[in-house]
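A closer look at the structure
Residue-level listing of the chains:
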Amino acid sequence: MKKNKPCLIHLPKISDRRGNLSFVEEFNHVPFKIMRAYWIYDVPGGEIRGGHAYRDNEETIIALSGSFNIAWNNGEESGEFLLNRSYYGLYIPNGIWREIRDFSTNSLALILGSTPYDEKDYIRTPQQYERFYHELCQ
Ligand code: TYD
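Here the structure is a predicted model, which is why all the values come from computation and not from measurement.

Along an α-helix, a turn takes 3.6 residues, which lines up residues three or four apart on a common side. Listed as buried for helix H1 (residues 126-136) are Tyr129, Phe132 and Tyr133. End-on view of H1: buried residues confined to an arc of 95°, all on one side of the axis. Looking at H1, the residues exposed on the side facing more than 90 degrees away from the buried face are Gln127, Arg131 and Glu135. Its buried side turned inward, H1 meets strand S5 (49-54), strand S7 (68-73), strand S10 (97-101) and strand S12 (122-123).

Attention now goes to the site of the ligand. For the ligand, the full set of nearby residues is Arg36, Tyr38, Ile40, Arg49, Gly50, His52, Tyr117, Tyr122 and Arg124. In this structure, His52 approaches the ligand through a side-chain N or O atom, which is 2.7 Å from an oxygen atom. Contact distances for the ligand include 2.6 Å between an oxygen atom and a side-chain N or O atom of Tyr122. The protein chains hide 62% of the 540 Å² of surface that the ligand would expose on its own. Elements with a minimum of two residues in the shell around the ligand: strand S4 (36-41) and S5. Here the shell around the ligand is built from residues that sort into four nonpolar, two polar and three charged.

It is worth spelling out the pairing of strand S2 (residues 13-16) at this point. As judged from the four bridges shared by S2 and strand S3 (residues 19-22), these two strands associate in the antiparallel manner. Bridge assignment links Ile14 to a residue of S3, and that residue is Leu21. Here S2 folds back onto S3, and the loop between the two strands holds two residues.

Each value, and the rule that gives it
Residues numbered from 1 in each chain as written. Predicted model: local features only at pLDDT ≥ 70, side-chain atom pairs only at ≥ 80, totals over all residues. Heavy atoms only, no water. Buried < 20%, exposed > 50% of the residue type's maximum accessible area, 1.4 Å probe, protein only. Helix = DSSP H or I, 4+ residues; strand = E, 2+ residues; numbered from the N terminus. Arc of directions from axis to C-beta. Contact = heavy atoms within 4.5 Å. Near = heavy atom within 4 Å. Polar contact = N/O pair within 3.5 Å; in protein donor to acceptor, adjacent residues only side chain to side chain. Areas by Shrake-Rupley, 256 points an atom, 1.4 Å probe, with all protein chains shown as cover. Nonpolar A, V, L, I, M, F, W, Y, C, P; charged D, E, K, R; others polar. Pairing = 2+ DSSP bridges.

As structure tokens, this is what we get:
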């Protein structure tokens, strides 16, 4: 079975002497209908957010300000992306374990999601993720 991986999306960046403007459109720059937006900010130094996977929710994460790392694992492969420009989005398909760490001071992470918040969609522990992965891949 094909395993999905996160991928970096280069968002439009319109520059003139007044500064830069970027934007994101559903089904154009992100491959899903945007059903939710939330943001993470004021993260104390050394904290890790987002240690979980989603069964259905797909997402795109944008560093609107500052920088952070996103570590991912799909059960077979793993990797890490540094987000430090507001004109990049990291698309993460459903079923991927991800952690967001190394937040810089005043960083602001915007997360666009394909589903409304639903606690039942979360896979919250590495053990649950292991089970999810093995059931999926039988
Ligand atoms: P959680 O997704 O666990 O945060 P993170 O992945 O950054 O570590 O969410 C933290 C809390 O916020 C949890 O109690 C659920 C709640 N929450 C909502 O109510 N709505 C949302 O859209 C999100 C993302 C979280």
